[in-house]
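# Fold and contact review
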Amino acid sequence: MNTPTIIDGKKVSAEVQQQAADRVKKIIEKTGVTPCLVTVLVGSDPASVTYTRMKRKRCEAVGMKSMKVELPEETTTEQLLAKIKELGDDPAIHGILLQHPVPSQIDERAAFEAIPAAKDVDGVTIASFGAMAFDLPGFGCATPAGIIDLIDAYDIDCNGKHAVVIGRSPILGKPMAMMLLSRHATVTICHSRTTDLPGLVKQADIIVAAVGRPNFVQGDWVKPGAIVIDAGYNPGNIGDCDYEACAKNASMITPVPGGVGPTTIAALINQTSIGAARQLGLDLE
Ligand code: NAP
């Protein structure tokens, strides 16, 4: 029977958060300034309320300050842009997280773009994507950045490997593909128009599922020995991969929950501490 290594996202996220905590301690010692992340939530979607609360709690757990801005459901794009500009201009704030998704009347892209690149610790702006894609300093999108932390923690060598990313969203699939490319993987990106998706996934050494469909990746799509990373998080704590079936062939696999989820928040917290150090003129990376 195949027994894959189960990639422990909680353990990796604790290590990444410890790095952030060490950096925060040094920032406070050297400057007297406590780094601060602000979460911006428009509306009252219960899942988003929970996510933003979790992010602020983790921030405080590493010694940073957190602030919340909550705007009503009927907020306009102009009102949101004005609020983000105000936060961007505030020197006491080092990171801005706009919780996705925003209500449909808001131009989400315009709102993301209002975040100054230096404070874009969730890596959602075009400037951050461009910097990441060109291997320049900037912040990667938190979920794929957290997946890279998992890859590093488990010494997964991407060099020359065939990585198949399922999903091409701007916050997950697309940046994930660029990050794997930077690590010298040969990357295939699949999406809803892909022909023979199972056939492509069967060729993968590394599979990243970011589809948003429960149990989408089937066990017989996984080549024996492939690494399965499941970014999916569907209602009922169900991932995008059929875990039991994929585990029969995989050499390593992330569980849901406890895989990619915890490292997403850890990456955000870590990037906030890095952003604060940069804004305060410290070299602590
Ligand atoms: P999204 O914006 O809905 O994008 C889904 C992607 O999957 C799209 O590119 C879409 O293709 C593709 N897709 C949908 N159905 C498909 C099909 N039948 N065959 C092939 N491709 C298909 O979702 P997302 O924001 O990237 O999130 C993806 C998953 O990750 C969700 O389960 C979400 O909950 C999870 N997630 C987890 C975290 C975390 O912290 N763990 C963070 C963010 C998201 P098209 O582009 O052609 O439409």
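Counting restarts for each chain: residues are numbered from 1 in the order of the written sequence. A pLDDT threshold of at least 70 governs which residues receive local features in this predicted model, and a stricter bar of 80 or more applies before side-chain atom pairs are shown or counted, although totals over entire chains, interfaces and linings include all residues. Remark: hydrogens and water are excluded; side-chain values derive from all non-hydrogen atoms of the structure.

On to helix α5 (residues 126–133). Working definition: with a 1.4 Å probe on protein chains only, accessible area under 20% of the residue-type maximum means buried, over 50% means exposed, and in between means partly exposed. The secondary structure listing takes helices from DSSP runs of H or I that are at least 4 residues long and strands from runs of E that are at least 2 residues long, numbered from the N terminus. Those residues of α5 that sit buried are Ser128, Ala131 and Met132. Axial view of α5: buried residues confined to an arc of 100°, hence all on one face. Residue contacts are counted whenever heavy atoms from the two residues lie within 4.5 Å of one another. Considering only its buried residues, α5 is in contact with α7 (173–182). Asp135 sits one or two positions beyond α5 and adopts a positive phi of about 60°. Read the arc as the range of directions from the helix axis to the C-beta atoms.

Take helix α3 (residues 77–89) next. Along its 13 residues, α3 runs 18 Å from first to last C-alpha, staying within 8% of the 18 Å computed at 1.5 Å per residue. Within α3, the full set of buried residues consists of Thr77, Leu80, Ile84, Leu87 and Gly88. Summarising the axial view, the buried residues of α3 lie within an arc of 100°, below the 170-degree limit, and thus occupy one face. α3 presents Glu78, Lys85 and Asp89 as exposed residues on the side facing more than 90 degrees away from its buried surface. Here, expected helix span is obtained from the residue count minus one, scaled by 1.5 Å.

This next bit is on a nonpolar patch on the surface. The residues that make up patches have over 30% relative accessible area and no salt bridge, and they are joined within 9 Å when like-charged or within 5 Å when they are Val, Leu, Ile, Met, Phe, Trp or Tyr. Where accessible areas are quoted, they stem from the Shrake-Rupley method and a 1.4 Å probe; at the residue level, only the protein chains shown are allowed to cover. Here a salt bridge means any side-chain nitrogen of Lys or Arg lying within 4 Å of a carboxyl oxygen belonging to Asp or Glu. On the surface, a nonpolar cluster with roughly 290 Å² of combined accessible area is contributed by Tyr51, Met54 and Tyr233. Note on placement: Met54 falls in helix α2 (residues 46–61).

Moving on to the domain arrangement of the chain. Domain ranges listed in this record stem from an automatic or a database domain assignment. Under the domain assignment, the chain is made up of domain 1 (32–118) and domain 2 (142–260). Each of domain 1 and domain 2 has a C-alpha centre, and the two are 29 Å apart.

In the vicinity of the ligand lie 22 residues, with Arg168, Ser169, Ser192, Arg213 and Tyr233 positioned nearest. Residues adjacent in sequence count toward polar contacts only when both atoms are side-chain atoms; beyond that, a polar contact is any pair of N or O atoms within 3.5 Å, and within protein one must be able to donate a hydrogen and the other to accept it. With respect to the ligand, the backbone of His191 contributes an N or O atom lying 3.5 Å from a nitrogen atom. Separating an oxygen atom of the ligand from a side-chain N or O atom of Thr264 is a distance of 3.0 Å. Contact with the protein chains covers 70% of the free accessible surface of the ligand, which is 920 Å². In these notes, residues near a molecule or strand are those with any non-hydrogen atom within 4 Å of it.

What follows covers the side chain of Ser13. Position of Ser13 among the secondary structure elements: in helix α1 (residues 9–31). Judged by its relative accessible area of 5%, Ser13 is buried. Residue contacts for Ser13: discarding those within four places in its chain leaves Pro262, Thr263 and Ala266.

Turning our attention to the packing of α1 against helix α10 (residues 260–279). Working convention: axes come from line fits to C-alpha atoms, limited for helices to the stretch in contact. Angles between N-to-C directions cover 0 to 180 degrees. In contact at an axis separation of 9 Å, α1 and α10 are set at 15° when each is read in the N-to-C sense. Considering the angle they form, α1 stands roughly parallel to α10. Viewed along their axes, α1 and α10 form a crossing whose handedness is left-handed. Residues Gly9, Lys10, Val12, Ser13, Val16, Gln17, Gln19, Ala20, Arg23, Val24 and Ile27 of α1 pack against Pro262, Thr263, Ala266, Ile269, Asn270, Ser273, Ile274, Ala276 and Ala277 of α10. In the contact of α1 with α10, the residues fall into 11 nonpolar, seven polar and two charged. Our angle categories are set so that under 35 degrees counts as roughly parallel, over 145 as roughly antiparallel, 65 to 115 as roughly perpendicular, and the remainder as oblique. The crossing is said to be left-handed when, going from far helix to near helix, the turn is anticlockwise and less than a right angle, and right-handed when the turn is clockwise. Put simply, Ala, Val, Leu, Ile, Met, Phe, Trp, Tyr, Cys and Pro go in the nonpolar bin, Asp, Glu, Lys and Arg in the charged bin, and everything else, Gly too, in the polar bin.

The linkage connecting His100 with the following residue, Pro101, adopts the cis geometry, with an omega of 0°. Here Pro101 shows up in the loop between β4 (95–98) and α4 (108–113). The step from Val256 to Pro257 runs through a cis peptide bond, and the omega angle for that step is 0°. Mapped onto the elements of the fold, Pro257 is located in the loop between β9 (252–253) and α10. In the Ramachandran plot, Asp135 falls in the positive-phi region, its phi being about 60° despite a non-glycine side chain. Within the element layout of this structure, Asp135 appears in the loop between α5 and α6 (142–153). By relative accessible area, Asp135 is classed as exposed at 57%.

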